[in-house]
Amino acid sequence: MTDLPVGWTEVTLGDVAESVKNGIFVSRPDAEPNGVPILRINAVRPGALRLDDVRYSAKDRDELSKSDALLVPGDLLFTRYNGNINYVGACAMVPDCLGDLTYPDKLIRARLNQDVVDPRYIQYAFEAPQVRSLVRSSARTTAGQAGISGSSLKSIPFSLPPLVEQRRIVAALEGQLSLLDAGTELLRLSQQRLGRLKKRVLVEAVPLDGGSRWRLVTVADAGTVDLGRQRHPDWHNGPHMRPYLRVANVFEDRIDTSDVMEMDFPPAVFEKFRLREGDVLLNEGQSPELLGRPALYRGVPKDAAFTNSILRFRTGPGVDPEWALLVFRRHMHAGRFTREVRITTNIAHLSAGRFKAVEFPIPPLSEQREIVARTSDLLGGIDRLTEATTIAQRRAAALRASLLSEAFAGQLVPQDPNDEPASELLARIRAERAATVPKQRARSRRTPKELPAPPTRVTGDDYQQEALPL
């Protein structure tokens, strides 16, 4: 970092923290309901600490206190591991007015020297784009989990102003971000309402009892149902490579062609699994709420087939493909497919046999097309409003990032030349640390064999054995 404002200096978390420590290892969650509450791993989100969902430690308060594992107001907690690298190193401050509380080994606690830093300033600093990029570059990914060690976290640099200016920055940020956060929350609630409205429109568009001119049949009566071809390593290469669609390509009313794979389909096999414009594709295996997610194949990608993670519905006489798509969207949002679910290895499945037995209303063709057109207009309006709120959310996120960038470049509040420079504060703290370093005890004259073996513990940082002081 260069061109720092007057009175500012560059530091690392290790420079301003009295300790940086991993939490306790939790082998048996909820082992002691009357024990000390312990935060869950997902309790930390950028700038926010969730306290509404805790487990309980089997260790009592005295044991946790002796091992310095109890949290105190002003402590900062960082996410140590997460499947999403954007959450690794996420920081939140422990608020005031808390009772006993501890934290698991998947979180890192930094206890700060509050004579030098305001914990709220550090919390915002680790949310600023310039610091987040350093955290991401220090993270390591193993087996799909991104993580950062305590030692790497301690070495992350950031700019530090005088203490009184830190407080001015925090006050300015909280004033502006509170308004921004309130607007963002309204956008989130608006999107939820739009989602519920969309579900209502789809469910009410297709009544199961539509009148005397309607027929209520089964899916099997309305068309043909087929399951796609199973994938096999032997077919990953061959003379007849064809694109195929799988569950990752089929979304609600949309086929994603950004990641289409190919497989060897001999001509006779390809004809069996070849898609035709107007085929409705539904996810056979998915999370329960998304089971049977349908989309209409409209000829893209060209000459494509499908795998056995997808059900294909081909309409029979008197059924418009767009109507079939609308019926299946209605069933998905009404939870109709979840009534036919079977679970294997945490995945919900909709078998072809159960799918064929699901009810399928058929009005006259002219009425089908009229309902489809009317529903399409309503959904189009909802989609436009949803897109507008999404754009507004992106702008709010960009504005938040801009405010944080300005704050930690010294551009949000004016500097006061009378403030004690951060470098002088830091030098004084370093001198105090040096003066309080305990003297080493004289080495025992007993041989190593005579000395008792020290107790050991597994540290949360690297899971290696570390000797406890005797």
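Above this note sits the structure.
Reading the values: the criteria
- Residues numbered from 1 in each chain as written.
- Predicted model: local features only at pLDDT ≥ 70, side-chain atom pairs only at ≥ 80, totals over all residues.
- Heavy atoms only, no water.
- Pairing = 2+ DSSP bridges.
- Helix = DSSP H or I, 4+ residues; strand = E, 2+ residues; numbered from the N terminus.
- Axes fitted to C-alpha atoms, helices over the stretch in contact; angles between N-to-C directions.
- Buried < 20%, exposed > 50% of the residue type's maximum accessible area, 1.4 Å probe, protein only.
- Contact = heavy atoms within 4.5 Å.
- Parallel < 35°, antiparallel > 145°, perpendicular 65-115°, else oblique.
- Left-handed = near helix turned anticlockwise from the far one by under 90°.

Taken in spatial order, the four strands line up as β2-β10-β7-β9 in an open sheet, and their pairing is antiparallel. Sheet topology places β2 (17-22) and β9 (91-93) at the edges, where each strand pairs with a single neighbour. The average angle at which neighbouring strand axes cross in this sheet is 20 degrees, direction not considered. Two strands pair when backbone bridges link them, and strand β7 (residues 76-79) and strand β10 (residues 107-112) are joined in this way by four bridges, in the antiparallel orientation. Looking at β10, one finds that leucine 77 is bridged to arginine 109.

So, about the sheet that holds strand β12 (residues 145-147). Taken together, three strands build an open sheet; the order of strands is β8-β12-β11 and the sheet is antiparallel. One side of each edge strand has no neighbouring strand; the edge strands of this open sheet are β8 (81-82) and β11 (140-142). The pairing of β11 with β12 spans three bridges and is classified as antiparallel. Note that in β12 the partner of arginine 140 across the bridge is glycine 147.

With that settled, the discussion passes to the environment of valine 11. Mapped onto the fold, valine 11 is located in strand β1 (residues 9-12). Owing to a relative accessible area of 1%, valine 11 belongs among the buried residues under this scheme. For the pair formed by valine 11 and serine 423, sequence separation is 412 residues and the distance between their alpha carbons is 9.1 Å. Setting aside residues up to four positions removed in sequence, valine 11 forms contacts with Val16, Ile156, Pro157, Phe158, Leu160 and Leu426.

Glancing now at the packing of helix α6 (residues 163-205) against helix α11 (residues 365-407). Put simply, α6 and α11 touch, their axes get as near as 10 Å, and they point 165 degrees apart. On the basis of their axis angle, the class for α6 and α11 is roughly antiparallel. Taken as a pair, α6 and α11 cross one another with a handedness that is left-handed.

So, on to unusual backbone geometry. That bond from valine 300 to proline 301 is cis: its omega, 0 degrees, falls within 30 degrees of zero. Residue position: proline 301 is located in the loop between β22 (294-296) and β23 (305-306). Located in the positive-phi region is aspartate 253, a residue other than glycine, with phi close to 60 degrees. Note that aspartate 253 resides in the loop between β17 (250-251) and β18 (254-255). We note that aspartate 303 has phi near 50 degrees; this positive angle belongs to a residue other than glycine. Looking at the element boundaries, aspartate 303 is found in the loop between β22 and β23.

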